[in-house]
Amino acid sequence: MTAAAPAAAPLSAAGPATPDLRGLLLPELTDLARGLGAPAYRGRQIARWVYGRGVEDISEMTDLPITFRERLGGAARIGTLTVRRSTDAADGSATKLLAACGDGQTVECVLMRFDDGRRSACVSTQAGCAMGCAFCATGLGGFARNLTAGEIISQALAIRARADRRLSNVVFMGMGEPLANYEATVRAARILAAPWGLGIGMRHLTISTVGLVPQIRRLAGEGLQITLAVSLHAPTDALRRRLVPVTERYPIAELMAACRDYLAATGRRLTFEYVLIDGVNDGDAEGRALGRLLRGLLCHVNVIPLNPVPGIPLRRPAVARVRAFARCVRAAGIPVTVRIERGTEIQAACGQLRLADGSGRASRWTPADRLPANSPATVRSKPARRAMPAAGGAPARGREGRA
Ligand code: SAH
Ligand code: SF4
């Protein structure tokens with residue numbers, strides 16, 4: 001790095017020591033240009049090439065003087081990802097990419113196409129995840145490292161390049177826990193939102209979190225209009241602990257208090273995600289308890305029927321059960337959408353493509369029938385139900401419809 005390079009430049013753990021232009025904010029690009037003896041407006045030009053056009057090589061910045069391009073090439077780089085695999089859902093609703101970082105770590109990102117014309121990118125924030133949720137393919141694979149802001153932006157650019165229309169939304173719902181990689185996630189969000197960046201707008205970004213309380217509070221203090229989606233999955237600590245181990249550290253009461261503070265600070269309606277698992281958290285009792293927990297809060301619930309993961313003995317409930325659960329939550333006045341995951345054939349649930357590519361560790365899930373007799377009453381042990389038929393093929397996370 002030269003003396004001109006900004007101190008905050010995100011450096012890839014394994015990458016070259018020069019900053020990745022794809023992770024720099026406009027003031028940093030301006031400082032970089034100035035440090036190389038160019039006028040400040042060159043920074044804005046670089047941003048246009050890097051974020052507006054998505055160029056992969058500094059030599060493509062044809063309206064910059066050659067001498068400046070050479071100096072820039074010595075002081076910075078453009079980090080790119082190599083797309084190893086691209087898989088389309090049969091119904092065309094999604095395309096999933098498996099992409100390799102410079103050090104060979106692989107991450108997943110998805111282009112989602114909605115019938116109303118919206119095009120959404122789902123990006124990863126970590127290679128792997130350390131949170132170990134019982135139903136998640138990413139959790140199964142363990143944690144490798146945080147992604148840099150540049151690597152997150154590169155995913156959005158790769159998706160945008162494959163979209164037939166303007167990218168309207170970005171959701172941080174791919175592999176990893178965004179708030180466990182706080183700095184890079186917020187930096188990427190600023191770049192995605194900014195007019196000089198990808199121009200998507202903060203209100204069109206969503207961060208999905210497993211529920212890290214201190215980071216939710218920190219995010220509330222950033223003054224960003226970003227939507228927060230909280231992966232709740234259970235209405236009681238006893239049940240949630242079995243699905244989401246981090247409940248041990250941040251019980252539901254603390255999590256809900258942080259959510260209320262986020263709502264108060266931003267005015268943004270909260271989303272609660274609830275992966276519905278056959279015979280585990282999908283009963284009317286859990287639906288009613290969820291309704292009680294969320295009553296009066298400006299929020300909605302996204303019910304996601306489990307996308308089964310090879311090696312994890314959990315099943316997706318039958319359609320009728322999904323509907324009944326949604327009805328119980330709605331009875332408390334909470335709006336519910338059921339996310340229909342399409343294209344199981346593209347293994348679109350978090351971490352599945354990567355898992356299929358390598359080996360994961362064994363699931364931490366304890367089947368209900370192996371729990372001690374005095375296990376929490378909220379966990380119902382019952383005979384296996386038929387898995388939800390993959391009508392018309394399965395998932396591409398983000399397809400939403402009403403049950
Ligand atoms: N770590 C963050 C964001 C990535 S996971 C989080 O947990 O929120 C994004 C969403 O996918 C979460 O709501 C998660 O619970 C859900 N998910 C993970 N595995 C899934 C599976 N097998 N089927 C359905 N949804 C799943
Ligand atoms: Fe990590 Fe989210 Fe998967 Fe849990 S659901 S293991 S937090 S990626």
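Residues numbered from 1 in each chain as written. Chains lettered and ligands numbered in written order. Predicted model: local features only at pLDDT ≥ 70, side-chain atom pairs only at ≥ 80, totals over all residues.

### What about the pairing of strand β7 (residues 169-172)?
- Alternating residues of β7 divide into Asn169 and Val171 and Val170 and Phe172, and every residue in both groups is buried.
- Bridge count for strand β4 (residues 119-122) against β7 is three bridges, and the pairing is parallel. Note that in β7 the partner of Cys122 across the bridge is Val171.
- Alignment of β7 against strand β8 (residues 205-209), held across three bridges, turns out to be parallel. (Buried ≥ 20, exposed ≤ 12 C-beta atoms within 10 Å, placed from the backbone. Helix = DSSP H or I, 4+ residues; strand = E, 2+ residues; numbered from the N terminus. Pairing = 2+ DSSP bridges.)

### Overview of the confidence of the model for the chain
- Across the chain, the average pLDDT comes to 85, with 80% of residues at 70 or higher.
- Note on residues 355-403: pLDDT is under 50 here. Beyond four places in sequence and across chains, it has 115 contacts. (pLDDT = per-residue confidence, 0-100. Contact = placed C-beta atoms within 7 Å.)

### With respect to unusual backbone geometry
- The backbone phi angle of His233 is positive, close to 70°, even though this residue is not glycine.
- By secondary structure assignment, the location of His233 is in the loop between β9 (227-231) and α8 (237-243).
- Given 27 C-beta atoms within a 10 Å radius, His233 is considered buried.

### Observations regarding the site of ligand 2
- Around ligand 2, the surrounding shell holds 13 residues, and the nearest of these are Cys129, Met131, Cys133, Cys136 and Gly139.
- Class assignment for the residues of the shell around ligand 2 results in seven nonpolar, five polar and one charged. (Near = placed C-beta within 6 Å. Nonpolar A, V, L, I, M, F, W, Y, C, P; charged D, E, K, R; others polar.)

### Describing the site of ligand 1
- Close contacts around ligand 1 come from 16 residues, with Cys136, Ser208, Ser231, Glu273 and Asn307 the closest.
- Broken down by class, the residue content of the shell around ligand 1 amounts to ten nonpolar, four polar and two charged.

### Quick notes on helix α7 (residues 213-220)
- Among all positions in α7, only Val213, Gln215, Ile216, Leu219 and Ala220 are buried. One face of α7 carries all of its buried residues, which in axial projection span an arc of 165°. (Arc of directions from axis to C-beta.)

### Focus: the nonpolar core
- If you look at the biggest cluster of nonpolar residues, it comprises 114 residues, and the most contacted ones within it are Cys109, Phe135, Leu192, Ile216 and Val303.
- The residue makeup of this core includes at least three contributed by each of domain 1 (21-75) and domain 2 (82-370).
- In this structure Phe135 touches Leu243, Val275, Ile277, Leu306, Val309, Ile312 and Leu314, once residues within four positions along its chain are discounted. (Core = buried A, V, L, I, M, F, W, Y, C linked by C-beta atoms within 7 Å. Domains from an automatic or database assignment.)

### Some details on the environment of Ala47
- Mapped onto the elements, Ala47 comes out in helix α2 (residues 41-53).
- In the structure, Ala47 is positioned 23 residues away from Leu24 in sequence and 8.7 Å away in space, judged by C-alpha atoms.
- Not counting residues within four places of it along the chain, the set of residues in contact with Ala47 comprises Leu26, Leu29, Trp196 and Gly197.

### Regarding the environment of Asp31
- Along the polypeptide, Asp31 turns up in helix α1 (residues 26-35).
- Overall, Asp31 belongs to the partly exposed group, with 18 C-beta atoms counted inside 10 Å.
- Linking Asp31 and Arg42, residues eleven residues apart in sequence, is a C-alpha distance of 9.7 Å.

### Quick look at the pairing of strand β3 (residues 106-113)
- For β3, a buried count of eight out of eight residues is recorded, marking the element as mostly surrounded by other parts of the structure.
- The pairing of strand β2 (residues 94-100) with β3 spans seven bridges and is antiparallel. Following the sheet pairing, Leu98 is matched in β3 by Glu108.
- Connecting β2 to the antiparallel partner β3 that follows it, the hairpin turn spans five residues, and Gly104 within it adopts a positive phi of roughly 90°.
- Of the pairings in the sheet, the one linking β3 to β4 comprises four bridges and is antiparallel in character. From the neighbouring strand, Met112 faces β4, where its bridge partner is Ser120.
- In textbook terms, the turn of a hairpin is the stretch between consecutive antiparallel strands, and for β3 and β4 this stretch comprises five residues, one of which, Gly117, has a positive phi near 100°.

### A word on the packing of helix α5 (residues 149-162) against helix α6 (residues 182-193)
- Interaxial distance between α5 and α6 falls to 8 Å at its minimum, and their mutual angle equals 45°. Between α5 and α6, the interaxial angle falls into the category oblique. Where α5 crosses over α6, the two elements pack in a sense that is right-handed. The segment α5 lies against α6, with Ala149, Ile152, Ile153 and Ala156 engaging Ala184, Arg187, Ala188, Ile191 and Leu192.
- Among the residues making up the contact of α5 with α6, the classes are represented as eight nonpolar, no polar and one charged. (Axes fitted to C-alpha atoms, helices over the stretch in contact; angles between N-to-C directions. Parallel < 35°, antiparallel > 145°, perpendicular 65-115°, else oblique. Left-handed = near helix turned anticlockwise from the far one by under 90°.)

### A short note on α2
- Taking 1.5 Å per residue as the helical rise, α2 with its 13 residues ought to reach 18 Å, and the 17 Å between its terminal C-alpha atoms agrees with that figure.
- Of the positions making up α2, those classed as buried are Arg42, Gly43, Ile46, Ala47, Val50 and Tyr51.
- Residues of α2 that are buried in the fold lie against α1, α3 (66-75) and α6.
- Positive phi appears at Gly54, one or two residues downstream of α2, with a value of about 70°. (Expected span 1.5 Å × (residues − 1).)

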